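Residues per chain are reported as follows:
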Amino acid sequence: MAIMDIPREVFQPIADEGDIDFEQLCRDLEQANDAMPDGYRAEIIGGNIVMSPWSKGSYFRILRSLEDQLSAHTPPGHRAMTNPHLFVFPQQSRAYGPDLHVADLKAIDIDTIRLPGSALSLVAEQTSPSTRLVDLTDKLGVYGRAEVPVYILIDMAKDMVTVYYDPTPDHGYLAHRPIKFGDKVHIPAPFDFELDTAGW
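Residues numbered from 1 in each chain as written. Predicted model: local features only at pLDDT ≥ 70, side-chain atom pairs only at ≥ 80, totals over all residues. Heavy atoms only, no water.

## A short note on the pairing of strand 14 (residues 193-196)
Bridge analysis of strand 13 (residues 184-187) against strand 14 gives 4 bridges, and the strand direction is antiparallel. Bridge pairing links K184 to D196 in strand 14. The turn joining strand 13 and strand 14, which pair antiparallel and follow one another in sequence, is formed by 5 residues; a positive phi near 60 degrees is taken by D192. (Pairing = 2+ DSSP bridges. Helix = DSSP H or I, 4+ residues; strand = E, 2+ residues; numbered from the N terminus.)

Encoded structure:
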């Protein structure tokens, strides 16, 4: 089992991800989950189980604002949540626990910690020094190719929000809108509203 606690800035995907036994990695992650140190979470990235620390408490103000605004505009049967859940993307050998997600409640009402990435209608990641590179690269590509309709990247290092949308299975997201904290940005279908980042 490869359990790694490494800075995300130096993380590099393994050379040949075609040899990954994703099912075994998922089983290993489930076993490791019970022994996880307090304050850490694990994800599968680039053929490795990667542990990273949970976010600072001060980050929750932004996530709470985002969750409150999304909750009024979620598709029927979907819900915005910051609860830690693990979403799997087997075709890309990834399993992520997004900082915030909107998912189909029926699709995730299952007796396993492995929730289907196909249930997601939106994900949001809030960068930290240890997660920023993966949020900007690996997760951006995986969410887009998995056709998650909207990916909101909250870049704490630059005080910016970027909304990615129009996903395709071959090329990922085809469009994006960046704004500085304090401005408004349109969140496209299936949400279709103006996200206000005042106070972020």
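Back to the write-up after that little detour.
## A few points about the side chain of H78
Relative to the helices and strands, H78 resides in strand 4 (residues 78-81). Here S121 takes part through its side chain, which lies 3.0 Å from a polar atom of the side chain of H78. The residues contacting H78, other than those within four sequence positions of it, are V102, A103, D104, A119 and S121. (Polar contact = N/O pair within 3.5 Å; in protein donor to acceptor, adjacent residues only side chain to side chain. Contact = heavy atoms within 4.5 Å.)

## Things to note about the pattern of salt bridges
The full count for this structure, using the stated rule, is 8 salt bridges. The closest approach of N and O atoms between K139 and E125, which form a salt bridge, is 3.3 Å. Of this pair, K139 sits in helix 4 (residues 138-145) while E125 sits in strand 9 (residues 120-126), and the two are 14 residues apart along the sequence. Residues K139 and E125 agree in their burial class; the two are buried. (Salt bridge = Lys/Arg side-chain N within 4 Å of Asp/Glu carboxyl O. Buried < 20%, exposed > 50% of the residue type's maximum accessible area, 1.4 Å probe, protein only.)

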